[in-house]
Amino acid sequence: MHQSRFRLPLIVAALALAQAVCWGMTFNLPAITGGAMAEALDVPYFVVMMGPTVMLVVMALIAVPLLQVFQRLGMRLVMTASAGLGAIGLAIVALAMWPWAFFVGWVIVGAAGAGMLTTAVQIAIAELAGPYARRAIGALMVFGGLGTTLCWPLLGALQAAYGWRAATMLGAAALLLVAAPIYWRLLAKRSGGTATTVKNETDGQFDWTAFGLLAFSTAANGIVTWGFSLTIITLFEGRGLEHGTAILIASFIGVAALSARLVDFVASHRWNSLATGLMAGAGLPVSFAILIFGKGELAAGAFVALYGLTSGVLAVARSTIPLDLFPAAAYARASSMLALPLNLSFACAPPLFAAILAGPGSDVALWISTALSLAALAALALLVLRHKSRLAGS
């Protein structure tokens, strides 16, 4: 069921709002409430911050099996039910009196996330948008990344007034009252017949070599970008910046990433996602070289500009490249299988880089990041060459 190009922007805007709420009230919740959670549960702060890690691991483990549920029941029912399940998980977190109950809640939130967050909504948009899928997913990535902007002020104000448990219950209510109605109202009742065509297409035409190269490239870059997402201020401090200056400069990464996503969205009719991904992948190791060989605020500012631009484009590319590589009917399967290595890499990256920065230091972290980004670039270059060769031979 392909929507008209005139109604589609409204649907994408509503789905972007739902994504912002779902991410902001789940994965990003402990950024506001983590300290109070740790005090209430009498555990170290890092234990509480493992909640989102548990969420990502569960999302990774059930992403592929959940595809069969999508195909059998349709995106609308599964995504709406997942929003309800996420609300239950957050309620358990809010009411938890012991650490084990806290993590039970996060396991449930992770199971819900696999059915309502990025991979699921991208599959739903691909079904709705048809030939406009890449631009629609690009628009979703631009505006769906505003979860912290929307949710953190609300969570912070409610926690200050009533405590972290009330703030967490607000998250549960938001999933029920904002995300669930959007999914139920706007998504197709059924998956439009893809349930039978996916298996036929992927069994006979699915390019497993291309998938392997794409999975390696996106996971390697994901370790770097998600690793620095929570440790970038520590990295800057390790390069000699004062804490306040590090915060100020790091805050512009989001602006640069948003600008890059907007440019990618506008230029999507001229460049395919493989080309933009390759260019962005080439820029990532250059950004690390700036910090390795440069010093002070000027080097940090130049790094933020280039790193923000390249990571922003790569975030869109990893969602849209499967549209260029695989048959339309295979997009759902490719995206679900990519979720396994991606979410695992996202889950392990922040504690890994935190340990490196606390131990060997920023130099080692930057050289490891350079090596990973160069390996990802090589895999993506091989993927582009293979894709061009297959197109030429067809």
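Let me begin by describing the structure that accompanies this report. (Residues numbered from 1 in each chain as written. Predicted model: local features only at pLDDT ≥ 70, side-chain atom pairs only at ≥ 80, totals over all residues. Heavy atoms only, no water.)

1. Some words on the overall build of the protein chain
Note the cut-off: We count a stretch as a helix when DSSP gives it H or I for four or more residues in a row; a strand needs E for two or more, and each element gets its number in order from the N terminus. Each radius of gyration reported is based on C-alpha atoms, and the globular scaling rule is 2.2 Å times the count of residues to the power 0.38. The rule is simple: take the accessible area with a 1.4 Å probe, protein chains only, and divide by the maximum for that residue type; under 20% is buried, over 50% is exposed, in between is partly exposed. Contacts: residue pairs with any heavy atoms within 4.5 Å of one another. Working definition of accessibility: Shrake-Rupley area with a 1.4 Å probe, residue cover restricted to the visible protein chains.
Counting its regular elements, the protein chain contains 19 helices and zero strands. Its C-alpha radius of gyration of 20 Å places the protein chain within 12% of the 21 Å reference for a compact globule of 394 residues. Counting across all 394 residues of the protein chain, residues that qualify as buried make up 54%. Contacts spanning at least 24 positions in sequence make up 84% of the contacts within the protein chain whose residues lie at least 6 apart. Of the roughly 16700 Å² of accessible surface on the protein chain, 70% is carried by carbon and sulfur atoms.

2. Section: the pattern of salt bridges
Condition: What counts as a salt bridge is simple: a side-chain nitrogen of Lys or Arg found within 4 Å of a carboxyl oxygen of Asp or Glu.
Scanning the entire structure with this criterion turns up three salt bridges. A salt bridge links R386 to D207; the nearest nitrogen and oxygen atoms lie 3.0 Å apart. Residue R386 is found in helix α19 (residues 362-393), and its partner D207 is found in the loop between α11 (194-205) and α12 (208-229); the two are separated by 179 residues along the sequence. Taking the relative accessible area as the measure of exposure, R386 reaches 28% and is therefore partly exposed. Between D363 and R239 there is a salt bridge whose closest N-O contact spans 2.5 Å.

3. Concerning helix α7 (residues 118-129)
Rules: One less than the number of residues in a helix, times 1.5 Å, gives the span that helix is expected to have.
Compared with the 16 Å implied by 1.5 Å per residue over twelve residues, the 16 Å span of α7 between its first and last C-alpha is a close match. Most of α7 is tucked away: eleven of the twelve residues are buried. Along α7, the residues classified as buried are T119, A120, V121, Q122, I123, A124, I125, A126, E127, L128 and A129. Where α7 ends, the next residue or the one after it, G130, has phi of about 60°, a positive value.

4. Quick look at empty space enclosed by the protein
Quick reminder of the rule: Grid spacing is 1 Å over the protein atoms alone, the probe is 1.4 Å, and a cavity is where that probe fits but cannot get out, while a pocket is an open set with protein on both sides within 12 Å along at least five of seven lines and lining residues have an atom within 4 Å of a point. Grid points are joined across faces, edges and corners, and a volume is the space filled by probe spheres set on the points. All residues other than Ala, Val, Leu, Ile, Met, Phe, Trp, Tyr, Cys, Pro, Asp, Glu, Lys and Arg, Gly among them, are scored as polar; the first ten of these are nonpolar and the last four charged.
Applying the stated criterion to the full structure yields two cavities of 30 Å³ or more. Estimates place the volume of the largest cavity at around 90 Å³. Lining the largest cavity are L214, S217, T218, N221, L314, A317, R318, I321 and L380. Elements that contribute at least two residues to the lining of the largest cavity include exactly α12 and α17 (296-325). For the lining of the largest cavity, a count of residues per class yields five nonpolar, three polar and one charged.

5. Some thoughts on unusual backbone geometry
Positive phi outside glycine occurs at D42, with the angle close to 60°. With respect to the helices, strands and loops of the structure, D42 is situated in the loop between α2 (30-41) and α3 (45-48).

6. Notes on the packing of helix α1 (residues 8-25) against helix α10 (residues 164-186)
Threshold: In this analysis, axes come from line fits to C-alpha atoms, helices being fitted only over the stretch in contact, and the angle between any two N-to-C directions falls in the range 0 to 180 degrees. Roughly parallel refers to an angle under 35 degrees, roughly antiparallel to one over 145, roughly perpendicular to one between 65 and 115, and oblique to any angle outside these ranges. A crossing counts as left-handed when the near helix is turned anticlockwise from the far one by less than a right angle, and as right-handed when that turn is clockwise.
Between α1 and α10, whose axes approach to 9 Å, the crossing angle comes to 155°. With respect to their mutual orientation, α1 and α10 come out roughly antiparallel. For the element pair α1 and α10, the recorded crossing hand is left-handed. On α10, the residues that touch I11, A14, L15, L17, A18, Q19, V21, C22 and M25 of α1 are L170, G171, A174, L175, V178, A179, I182, Y183 and L186. Of the residues contributing to the contact of α1 with α10, the split by class is 16 nonpolar, two polar and no charged.

7. Considering the packing of helix α5 (residues 75-95) against helix α6 (residues 99-116)
Contact geometry for α5 and α6: axes closest at 8 Å, N-to-C directions at 165°. Comparing the axis directions of α5 and α6 gives the class roughly antiparallel. Note on packing geometry: the crossing formed by α5 with α6 is left-handed. Contact residues: V78, M79, S82, A83, L85, G86, G89, L90, I92 and V93 in α5; A101, F102, G105, W106, I108, V109, A111, A112, G115 and M116 in α6. Considering only residue class, the contact of α5 with α6 consists of 15 nonpolar, five polar and no charged.

8. Points about the nonpolar core
Proteins that are soluble and globular tend to have nonpolar side chains buried together. Inclusion rule: The definition of a nonpolar core used throughout is a set of buried Ala, Val, Leu, Ile, Met, Phe, Trp, Tyr and Cys residues joined through side-chain atoms within 4.5 Å.
Core analysis: the biggest nonpolar cluster contains 125 residues, and L15, Y183, F228 and F236 have the highest contact counts within it. Every residue in contact with F236, bar those within four places of it in the chain, is listed here: L241, A246, I249, A250, L291, A300, F303 and V304.

9. A look at a nonpolar patch on the surface
Rules: Residues with no salt bridge and a relative accessible area higher than 30% make up the patches, which join like charges within 9 Å and nonpolar side chains (Val, Leu, Ile, Met, Phe, Trp, Tyr) within 5 Å.
Together, V69, L73, L77 and W184 give the surface a local cluster of nonpolar side chains, amounting to about 320 Å² of exposed area. Mapped onto the secondary structure, L77 falls in helix α5. A relative accessible area of 39% places L77 in the partly exposed class.

10. Re the side chain of T168
The topology assignment puts T168 in helix α10. Of the residues examined, T168 reaches a relative accessible area of 1% and is grouped as buried. If sequence neighbours within four positions are ignored, T168 has contacts with L29, M37, L90, V93 and A94.

11. Thoughts on the packing of aromatic side chains
Put simply, the rule reads: Side-chain rings of Phe, Tyr and Trp (the six-membered ring for Trp) are treated as a pair once their centres are within 6.5 Å; stacked means planes under 30 degrees apart, edge-to-face means over 60, and tilted covers the remaining angles. Sitting over a ring, as applied to charges here, requires NZ of Lys or CZ of Arg to be within 6 Å of the ring centre and within 35 degrees of the ring normal.
Going through the model one piece at a time under the given rule, you end up with 14 aromatic pairs. Taken together, F228, F236, F288, F303, Y307 and F353 form an aromatic cluster joined through their ring pairs. Sitting over the face of the ring of W184, R76 holds its NZ or CZ atom 3.8 Å from the ring centroid.

12. Observations regarding the environment of D324
The condition is simple: Under the rule applied, a polar contact is a pair of N or O atoms within 3.5 Å (in protein, one hydrogen donor and one hydrogen acceptor; residues adjacent in sequence only if both atoms are side-chain atoms).
Topologically, D324 is positioned in helix α17. Those residues in contact with D324 that sit more than four places away from it in its chain are N272, S273, L274 and H387. A distance of 2.4 Å separates the side chain of D324 from the side chain of S273, its partner in a polar contact.

13. A word on the side chain of R318
Note on placement: R318 falls in helix α17. With a relative accessible area of 18%, R318 lands in the buried category. For R318, the contacting residues outside a window of four places in its chain are T218, T225, W226, L342 and F346.

By themselves these figures say nothing about function.
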